[in-house]
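What the coordinates show
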Amino acid sequence: MGGGAMTPAAWAEAYAQRGWQVLPVHSVRSGRCTCGATDCSSPGKHPRTEHGLRDATTDETVILEWWKRWPSANIGIATGAASGIVVLDFDTYKDPAVVARFEERFGPLPVTPRVRTGGGGLHVYLAWAEEGLSNSAGKLMPGVDVRAGGGSAGASRSRPLRMDRRHIARNSSGPDARSHPGGSQTARADCGSSP
Ligand SMILES: [Zn+2]
């Protein structure tokens, strides 16, 4: 609902209110990571706090303090049990058909929040399951990474998540669940990108 006016702090709070543990992440300014290192290996993608992911929290006081200190920090979300979510990271910038191929193989993805990443990829947020997936890169399928635990997914403030009213669908066993609730028709690779 027109998130243009929302500040990064407000987004971080909104995510925390859903039970997602967030943390401030460096951003890129004038082509350079805000950590100041000219040879930064992960520009705009690594945590600003000392203990990184372990600092992720839903505590509003801490969150407000962080974004008061670093107003333009990107928002990272701790995935896995911590937040109850798994993020599938599709390399749609390399292969626009990767989501379609994924669904052909594993069945339709449920209607859940999605975000178009800064690099042109697509993040699909799913409910984390006890027996769920672990982090992997290209293991399920080429072009698909899994952020499931001890991982973080950047939720860029300028490309806020599109919140589905149903919240995260009850996809109890991850992307290879045979029991997706009613197969959505909206899982096109570009559906997260329209304004
Ligand atoms: Zn850096």
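Residues numbered from 1 in each chain as written. Predicted model: local features only at pLDDT ≥ 70, side-chain atom pairs only at ≥ 80, totals over all residues.

1. Let's talk about the nonpolar core
If you look at the biggest cluster of nonpolar residues, it comprises 35 residues, and the most contacted ones within it are Ala 12, Tyr 15, Val 22, Val 86, Leu 88 and Val 124. Looking at this core, the elements with two or more residues in it are helix H1 (8–17), strand E1 (22–25), helix H2 (60–69), strand E4 (74–78), strand E5 (85–90), helix H3 (98–106), strand E7 (122–127) and strand E9 (144–147). (Core = buried A, V, L, I, M, F, W, Y, C linked by C-beta atoms within 7 Å. Buried ≥ 20, exposed ≤ 12 C-beta atoms within 10 Å, placed from the backbone. Helix = DSSP H or I, 4+ residues; strand = E, 2+ residues; numbered from the N terminus.)

2. Re the sheet that holds E9
Across the sheet, which stays open at both edges, the 5 strands sit in the order E6-E7-E5-E9-E8 with antiparallel pairing between neighbours. Two strands lie at the open edges of the sheet, namely strand E6 (114–116) and strand E8 (136–141), each paired on one side alone. The mean inter-strand angle of the sheet, taken between neighbouring strand axes irrespective of direction, is 30°. Pairing of E5 with E9 involves 4 bridges; the strand directions are antiparallel. Bridge pairing links Asp 89 to Asp 145 in E9. Across the sheet, H3 is in contact with E5, E7, E8 and E9; its angle to E8 comes to roughly 55°. (Pairing = 2+ DSSP bridges. Axes fitted to C-alpha atoms, helices over the stretch in contact; angles between N-to-C directions. Contact = placed C-beta atoms within 7 Å.)

3. Points about unusual backbone geometry
Even without a glycine there, the phi angle at Ser 30 is positive, about 50°. Its place among the elements puts Ser 30 in the loop between strand E2 (28–29) and strand E3 (32–33).

4. Observations concerning the confidence of the model for the chain
When pLDDT is averaged along the chain, the result is 75; 72% of the residues meet or exceed 70. Considering each helix and strand of the chain separately, the mean pLDDT is smallest for strand E10 (residues 152–155), with a value of 62, and largest for H2, with 96. For the stretch residues 156–195, pLDDT sits under 50, and the model shows 88 contacts to residues farther than four places along the chain or on other chains. (pLDDT = per-residue confidence, 0-100.)

5. A word on H3
Residues lying three or four places apart along an α-helix face the same way, a consequence of the helix completing one turn every 3.6 residues. Within the span of H3, buried status applies to Val 98, Val 99 and Phe 102. Each buried residue of H3 lies within a common arc of 100° when the element is viewed along its axis, so the set occupies one face. Where H3 is buried, its residues meet E5, E7, E8 and E9. Remark: Gly 107 follows H3 within two positions and exhibits a positive phi of approximately 100°. (Arc of directions from axis to C-beta.)

6. Describing the packing of H1 against H2
Viewed as axis vectors pointing N to C, H1 and H2 meet at an angle of 160°, and their least axial separation amounts to 9 Å. Taken together, the axes of H1 and H2 are roughly antiparallel relative to one another. The way H1 lies across H2 gives a crossing that is right-handed. Residues Pro 8, Ala 9, Ala 12, Glu 13 and Ala 16 of H1 touch H2, and the partners they reach there are Glu 60, Ile 63, Leu 64 and Trp 67. (Parallel < 35°, antiparallel > 145°, perpendicular 65-115°, else oblique. Left-handed = near helix turned anticlockwise from the far one by under 90°.)

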